[in-house]
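Reading the structure
One-letter residues, chain by chain:
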Amino acid sequence: HRNKTFRSMLGRWAFSQLKTFIAYKAEEQGVKVVFVNPAYTSKTCPYCRHIGDRHKYQFSCFTCGFVGDADKVGAFNIAAQGIKSNIPKAA
């Protein structure tokens, strides 16, 4: 019987190792990897950027009225953050 902290650490281990492998292999090939914090990605409206409401698989924005699949909204927001971080800074 292990404590909650130990079980939690073991539960996240595979994702940590996957993250390390992806970064290592990408660096080998010269590919830039962007790690995006997934917090609120499926609760943020992809159009107006306000926090909306998620009920199971459906996302609803109170500000602009957008309604869509919450997982697709999250994927779009993660992709948008990755693209944004790859835009070169102006001199």
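Throughout what follows, the structure given in this document is the object of discussion. Everything numeric here is computed off the predicted structure, so don't read it as measured data. (Residues numbered from 1 in each chain as written. Predicted model: local features only at pLDDT ≥ 70, side-chain atom pairs only at ≥ 80, totals over all residues. Heavy atoms only, no water.)

**Examining the overall build of the chain**
Within the chain, the regular secondary structure consists of two helices and three strands. Listed N to C, the secondary structure of the chain is α-β-β-β-α in terms of helices and strands. Principal-axis analysis of the C-alpha atoms places the extent of the chain at approximately 50 × 45 × 20 Å. Buried positions account for 16% of the 91 residues belonging to the chain. Put simply, of all contacts in the chain between residues at least 6 apart along the chain, 32% involve residues at least 24 apart. Of the roughly 7,600 Å² of accessible surface on the chain, 60% is carried by carbon and sulfur atoms. For the chain, the distance from the average site of its 14 positive side-chain charges to the average site of its 5 negative ones is 7 Å. (Helix = DSSP H or I, 4+ residues; strand = E, 2+ residues; numbered from the N terminus. Buried < 20%, exposed > 50% of the residue type's maximum accessible area, 1.4 Å probe, protein only. Contact = heavy atoms within 4.5 Å. Areas by Shrake-Rupley, 256 points an atom, 1.4 Å probe, with all protein chains shown as cover. Lys, Arg positive; Asp, Glu negative; His and termini not counted. Charge placed at Lys NZ, Arg CZ, Asp CG, Glu CD.)

**Concerning the sheet that holds strand S2 (residues 58–60)**
The strand order S1-S2-S3 describes an open sheet built from three strands, whose pairing is antiparallel. Among the strands making up the open sheet, the edge pair consists of strand S1 (53–55) and strand S3 (67–69). Within this sheet the neighbouring strands show an average axis-to-axis angle of 25°, counted without direction. Contacts between helix H2 (residues 70–85) and the sheet are confined to S1, S2 and S3, with S3 contributing the most and set at about 85° to the helix. (Pairing = 2+ DSSP bridges. Axes fitted to C-alpha atoms, helices over the stretch in contact; angles between N-to-C directions.)

**Overview of the side chain of Thr41**
The residue Thr41 is located in the loop between helix H1 (4–29) and S1 in this model. Looking at Thr41, the relative accessible area reads 8%, which means it is buried. Side-chain polar atoms of Thr41 contact the backbone oxygen of Pro38, separated by 2.9 Å. If sequence neighbours within four positions are ignored, Thr41 has contacts with Val73, Gly74, Asn77, Ile78 and Gln81. (Polar contact = N/O pair within 3.5 Å; in protein donor to acceptor, adjacent residues only side chain to side chain.)

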